[in-house]
Amino acid sequence: MDIRVRFAPSPTGPLHIGGARSALFNYLWARKNKGTFIVRSEDTDLERSSRESEQNILEALRWLNIQWDEGIEVGGERGPYRQTERLALYRDYTEKLLDNGDAYYCYCSEEEIEQERQTLIAKGQTPRYLGKCRHLSTEQRTVLETEGRKPVVRFRVPVTQAIHINDQVRGDVVFDSDGIGDFVLVKSDGIPTYNFAVVVDDVTMNITHVIRGEEHLSNTPRQVLIYQALRLPVPKFAHVSLILNTEGGKMSKRDGDTAVLDYQKKGYLPEAIVNFIAMLGWAPSGKEEFYTLDELAEVFSLDRVSKSPAVFDLQKLNYINAHYIKVSAPERLAELALPYVGEMGILPQEERSDKQQEWFANFIKAISGKITHMAEVKDFIHYFHGPVPLEPEGEALEVLRGEQVPAVLGLFRKKVREVELLSGATVKVLLKQMTKELKLGGKLVYMPVRVALTGQMHGPELYDVIPLLGGENVLKRLEVTEKRYLRGLRSPQG
Ligand code: GLU
């Protein structure tokens, strides 16, 4: 059997982490089984759907390198792939269900339905449609229609039937048809509801496995009833657990961005996002944490998808992303990082020379082990760029008050002026010489130099910082620090 799976987002907003995970699991299952992965659009919510959201979703999938074999923009034999372009097909299936008596027209007004709902809730019963229009005669229908009522089409839910769903993740899940109530297949404007359209799409696209979020489990019995009424084989279902935050609550912006492309904007690497979301509800059998998309396609299996909720842990994502940053080619990182410093007016594209390009690549090399996503270059650039250090505060300011500081900085200036080439290696030698000549412990030398140059007590290695700052900026920064603090501080004592 050819495995055919699909990702069927509603284009009512950007692609979220949860949606990306559904897409990924379907993609991996298709790849693993040499099957077909389809992307289609559930755009029947006319008010909330937009092409802009659709584009965002497709762009995010492409960014993650989740490619589809059939579907929107790609085409295929079983299209069209947008529900609003498939309305004739839904009408055919509506006719079939009406002809067989599995569906009927319902003329109840929204107020009547709401009243019934309230009555059932007041009695402590599950609110559902009780079937007032189930047995209307042709005459009764004509009367209602002449009143100007526009009907919906409802599915005739069989009485007292156990509906079994053999879920690949959850095992046998049983629903009682009596709790369901005759549900709407087609709204009065002729637009099909999700439960109906999704079945028609899955049937006509020969879908073999439906892998989607757990929130759709409760819709599944309705869908199974439609398959049964149409006498069509039911696909295999796999409902993947919800994604919660580290406190066990619903994910919100506070726990991390929910939209996939926001991670792109922050300079996360797509392979890190893929690796991270693959582990949201699925676990490999071994201990290895890092997997490429190809590796995932090899090892992914539905029986290692977990029933319990997945936990979205931003720290874990940062850890994974930091790993991929460390193993990425410096040129790639430089290209990704440039826009962030560009935003700060540093090295704007128009006036970037080869030398600056090289400088930037070295800067990235110096910090690539320290950042979790590329936007963080903005937090590091001040160490390496420009003639003015950050202003030291608190303990850092204390460091500059040390009595050895004027001598340290004086000697440092002298040595910087003398040295022919400020490289990592020469800086190491130079600092060592200073400790010897001044007969001071390393910290008493390095720390004032660090604070004088960067305003901070911690940060990237001095032998990275100094060569990248370059002799001119180093001297200027020393001057700024001395002007700002040393003169003022020394003068009271004379
Ligand atoms: N449009 C649904 C959603 O975005 C997809 C449901 C399904 O996969 O059946 O959640």
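Refer to the structure above for everything that follows.
Residues numbered from 1 in each chain as written. Predicted model: local features only at pLDDT ≥ 70, side-chain atom pairs only at ≥ 80, totals over all residues. Heavy atoms only, no water.

**Q** Any chance you could break down a negative patch on the surface for me, citing the residues and the numbers?
**A** On the surface, a cluster of negative charge is made up of E288, E289, E295 and E298. Following the sequence through the fold, E289 ends up in the loop between helix 9 (270-278) and helix 10 (293-299). When its relative accessible area of 33% is taken as the criterion, E289 is described as partly exposed. (Patch = residues over 30% accessible without salt bridge, like charges linked within 9 Å, V, L, I, M, F, W, Y side chains within 5 Å. Areas by Shrake-Rupley, 256 points an atom, 1.4 Å probe, with all protein chains shown as cover. Salt bridge = Lys/Arg side-chain N within 4 Å of Asp/Glu carboxyl O. Lys, Arg positive; Asp, Glu negative; His and termini not counted. Charge placed at Lys NZ, Arg CZ, Asp CG, Glu CD. Helix = DSSP H or I, 4+ residues; strand = E, 2+ residues; numbered from the N terminus. Buried < 20%, exposed > 50% of the residue type's maximum accessible area, 1.4 Å probe, protein only.)

**Q** An account of the pairing of strand 6 (residues 162-167) is needed here, citing residue identities and associated values.
**A** Every second residue of strand 6 is oriented toward a common face, the buried set being I163, I165 and D167 and the non-buried set A162, H164 and N166. As paired elements, strand 6 and strand 7 (residues 171-176) share six bridges and run antiparallel to each other. Bridge pairing in strand 7 places N166 opposite D172. Turn length for the strand 6-strand 7 hairpin, with the two strands adjacent in sequence and antiparallel, is three residues. (Pairing = 2+ DSSP bridges.)

**Q** Tell me about the pairing of strand 1 (residues 4-7), and please be specific about residues and values.
**A** Alternating positions in strand 1 separate into two faces, R4 and R6 on one and V5 and F7 on the other, with burial throughout. Across four bridges, strand 1 lies against strand 2 (residues 36-39) in parallel orientation. Residue pairing across strands places V5 opposite F37, the latter belonging to strand 2. Where the polypeptide runs from strand 1 across helix 1 (residues 17-32) and back to strand 2, its parallel neighbour, the crossover connection is right-handed. (Right-handed = clockwise from strand over helix to strand, strands pointing away.)

**Q** Could you give me a rundown of empty space enclosed by the protein, with the residues and numbers involved?
**A** Counting across every chain of the model gives one cavity of 30 Å³ or more. For the largest cavity, the calculated volume is near 50 Å³. Along its surface, the largest cavity is lined by P9, P11, V39, R40, S41, E54, I57, L58 and I72. A total of three residues in the lining of the largest cavity trace back to one element, the largest contributor, which is helix 2 (residues 51-63). Within the lining of the largest cavity, the residues separate by chemical class into six nonpolar, one polar and two charged. (1 Å grid on protein atoms, 1.4 Å probe; cavity = no way out; pocket = protein on both sides within 12 Å on 5 of 7 lines; lining within 4 Å. Points joined across faces, edges and corners; volume = space filled by probe spheres on them. Nonpolar A, V, L, I, M, F, W, Y, C, P; charged D, E, K, R; others polar.)

**Q** Describe in detail the environment of T220, supporting the description with residues and values.
**A** Along the chain, T220 falls in helix 7 (residues 220-229). The spacing of T220 and H239 is 19 residues in sequence and 9.8 Å in space, taken between C-alpha atoms. Once residues lying within four places of it in the same chain are set aside, the contact partners of T220 are I165, R212, F237 and H239. (Contact = heavy atoms within 4.5 Å.)

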